[in-house]
Amino acid sequence: MKWFGWAGTILKINLTNRVITKVPLDPDLVNQYLGGRGVNIKMLYDNTVPGEDPYSVKTPLIFGTGPLTGTVCGTGRFNVTSKSPITNILADSNCGGHWAPELKYAGYDHLLIEGESEKPVYLLIIDDCVEIRDASHLWGKDVWQTTEELRREIGDPDLQVAAIGQAGENKVKHAAVIASIGRAAGRCGTGAVMGAKRLKAIAVRGTKGVNIADPEGLERALEEAYQRITTSQRYDFYPKYGTTILTETSTGVGRATVKNFSSTVWPHLDKIGGNVFLEKYSQRSKACYGCFIHCDHYYQVSEGPYAGTRGPGLEWETIAAFGLRCNNSDFPSVLLANNLANQYGMDVISAGTAISLAIELYELGILTKADTDGIELRWGDPQLVLDLLRKMALREGFGDLLAEGPYHMAKKIGRGAEKRVMHVKGLDQDGGENRGFKGAALSYAVSTRGGEHLRGLIRTEMSGWLSKEEAIRRFGSADVTDATTYDTVGKPRAVITYERLSLIADCFQICKFNTFWSGFPMWEEQIHNLFTAVTGSKLSLDEVLKATDRIYCIEKAYNIREGQVREDDIPCERWLKEQIPDGVWKGALIEEEGFRKMLDSYYSLRGWDLETGAPTREKLEELDLPEIAAELESMGKLPVGTKEEGGGK
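Residues numbered from 1 in each chain as written. Predicted model: local features only at pLDDT ≥ 70, side-chain atom pairs only at ≥ 80, totals over all residues. Heavy atoms only, no water.

A. Geometry of the sheet that holds strand β15 (residues 310–312). Overall, antiparallel pairing links the three strands, which are arranged β13-β14-β15 in an open sheet. In this open sheet, the two strands that pair with only one neighbour each are β13 (282–286) and β15. Going from strand to strand, the sheet's axes swing by 15 degrees on average, the running direction of each strand aside. Of the strand pairs in this sheet, β13 and strand β14 (residues 296–300) are connected by four bridges, and their pairing is antiparallel. Opposite arginine 284, over in β14, you have tyrosine 298 as the bridge partner. (Pairing = 2+ DSSP bridges. Helix = DSSP H or I, 4+ residues; strand = E, 2+ residues; numbered from the N terminus. Axes fitted to C-alpha atoms, helices over the stretch in contact; angles between N-to-C directions.)

The structure is reproduced here in structure tokens:
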């Protein structure tokens, strides 16, 4: 059959027996799971058994593009999915750049990688030619060196490479897959899973392009999208600053995370912030594939001890992790730390949080020089951050402990260290303080991969993007615009709305920065118009939204199968017991009673059991997942009876 949007082939690669198989894409699969993140979780669920170790030869590693990948603005994206060595539940991370369109143009929608190689290898994919090649000469090299070497070896400067660095090789728990030099599938440790398989890189070049079902319709939908985005007030600064400006905005609304979440006040905006970056370090804008928002930058340091530092890919989370969280106001060192994280292949969030946690534990006397290789850990020491990053990536000395990531590192240390970790389900939290934002706290807590902002964060709670009238129309309550309320009507609905939007973005592979998630007036309807024009799909918007619920439900079922229970959706101890000490939200924490009421309402709206947090049989069957209901029932994990649906206030 002729495919539009989708390439039409899943590439299965078994590294153990070196068998490569091309499987036709099943139309029923994409009708049910759309693509990208959706098809990835279906393949993960079907190809794993409960309790398997993330590094097991039986644990698959899955790369997935979407039906919009490589077609319209902001669609240079893919998802990497496996089992997380950090949480032992779902690992799923989204990445931009230029790698995904090349895979699509080569003719493949998804890569299902199974088994493990006896020696280091890399995959070379050039259209119909797929090879497993020796990578012994690349093992021990960083991502940038690997990318450059492969381009020389293949003789193609446009070869797109997704690779791991030394962190992935050494199975640093928060190792990342890095594509296009500076874009990261950062969270959950998929780079460590790739390292366990001894898969150094996937190098791709494609020349086939993508078929478009309705070129004229796509042109109209693109024109509407362009007008909606470029006439938005956010277009005045988003292409200009990218996410670096969130240093200023997060500080302004009380979401900055300073000194390992011990403060929300950042007094050094004159040294580290979006404006300083633009004035002193940014050289020019940079875009992912075909994106007119171009929110990325190339940067360079021209003076001081870190002069000569240059690179791409700076984000707010990097500034928060290596700057604010470590109380480090030396911006050039943060830029160098960003390069090191990309070269070694590490998630900047977990790496920076591990360092800041270690400094706090040292300050509290829980860690001593006997634990740290004799190194004194101090707040605001730029060289310390850089030195510990190297030790972490190589698992050298004290770095071996840091390489476990904040949650596991604290568990190994003991002596109360566990109480200083901000996390959900074991995944350390990103750079946004949530104790003052009750709906945001709910979105983090119910995230299927652990605590972070890219799955369902209620941006309207902190941004003022919606009027109270619009909030009532969309979510049933104006309280969704008030951060302080434990609203059981609007906020659970808003979390689900943002979860659906995030899923549409991750399945179709359109960047969230091009949507209302980031404040642009690109809602589900406009994205659906692009999808329909590209693919010719007859799926209605309601059917697409039902598919997102199906996908979220199977993600939840995967976690339930791995042993997750309701209490895993409750915030960590620091959220519940430690007040914010200063700033806009001084005295704020998450009150457990109010939170649990919001959680009950969220479960009810989802059709999940209030006592266990698991999807009910009725909901699973409604979403055409009877086989999952049967499996959960056989494991004793299917709730007995059906709870009443619908939230109340």
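Picking up where we left off.
B. Seen up close, helix α14 (residues 382–394). With 13 residues, α14 extends 19 Å between its outermost C-alpha atoms, agreeing within 8% with the 18 Å of an ideal straight helix rising 1.5 Å per residue. Every buried residue of α14 is listed here: Pro382, Leu384, Val385, Leu386, Leu388, Leu389, Lys391, Met392 and Ala393. Of the surrounding secondary structure, the elements contacted by the buried residues of α14 are α5 (166–169), α11 (316–324), α12 (331–344), α13 (348–363) and α15 (399–402). N-cap assignment for α14: the residue whose side-chain oxygen lies 3.2 Å from the backbone N of glutamine 383 is aspartate 381. Once α14 finishes, arginine 395 follows within two positions and takes phi at roughly 50 degrees, a positive value. (Expected span 1.5 Å × (residues − 1). Buried < 20%, exposed > 50% of the residue type's maximum accessible area, 1.4 Å probe, protein only. Contact = heavy atoms within 4.5 Å. Polar contact = N/O pair within 3.5 Å; in protein donor to acceptor, adjacent residues only side chain to side chain.)

C. Fine view of the state of the cysteines. Following the criterion strictly, the structure yields zero disulfides and no others. With no disulfide of its own, cysteine 188 lies 13 Å from the sulfur of cysteine 95, the closest cysteine sulfur. (Disulfide = S-S within 2.5 Å.)

D. Representation of the nonpolar core. Counting residues in hydrophobic clusters, the biggest one holds 102 residues, and the most contacted among them are Phe595 and Tyr602. Counting residues per element, this core draws most heavily on helix α22 (residues 541–561), which supplies 11 residues. Setting aside residues up to four positions removed in sequence, phenylalanine 595 forms contacts with Ala441, Leu442, Ala445, Tyr486, Asp569, Ile570, Pro571 and Ile590. Counting 60 residues, the second-largest nonpolar core is a separate cluster that includes Ala175, Ile355, Ala358 and Leu401. (Core = buried A, V, L, I, M, F, W, Y, C linked by side-chain atoms within 4.5 Å.)

E. Summary view of the packing of aromatic side chains. Applying the stated criterion across every chain yields a total of 24 aromatic pairs. On the numbers, 6.2 Å between centres and 45 degrees between planes, the contact of tyrosine 603 with tryptophan 608 is tilted. Through a chain of ring-to-ring contacts, the aromatic side chains of Phe237, Tyr238, Phe513, Trp517 and Phe520 assemble into a single cluster. Over the ring of tyrosine 55 we find lysine 171; its NZ or CZ atom is 5.1 Å from the centre of that ring. The positively charged end of arginine 284 is found above the aromatic ring belonging to tyrosine 298, 4.3 Å away from the centroid. (Phe/Tyr/Trp six-rings, centres within 6.5 Å; stacked < 30°, edge-to-face > 60°. Lys NZ or Arg CZ within 6 Å of the ring centre and 35° of its normal.)

F. Focus on the sheet that holds strand β8 (residues 129–134). Overall, mixed pairing links the six strands, which are arranged β8-β7-β12-β9-β10-β11 in an open sheet. Across the chains shown, the open sheet's two edge strands, defined by having one partner strand only, are β8 and β11 (183–185). Pairs of neighbouring strands in the sheet enclose a mean axial angle of 20 degrees, with direction left out of account. As paired strands, strand β9 (residues 160–163) and strand β10 (residues 177–179) are joined by two bridges and run antiparallel to one another. Of the residues in β10, the one forming a bridge with alanine 163 is isoleucine 178. Together, β7 (121–126), β9, β10 and β12 (199–205) form the strand contacts of helix α3 (residues 99–106), whose direction differs from that of β12 by roughly 65 degrees.

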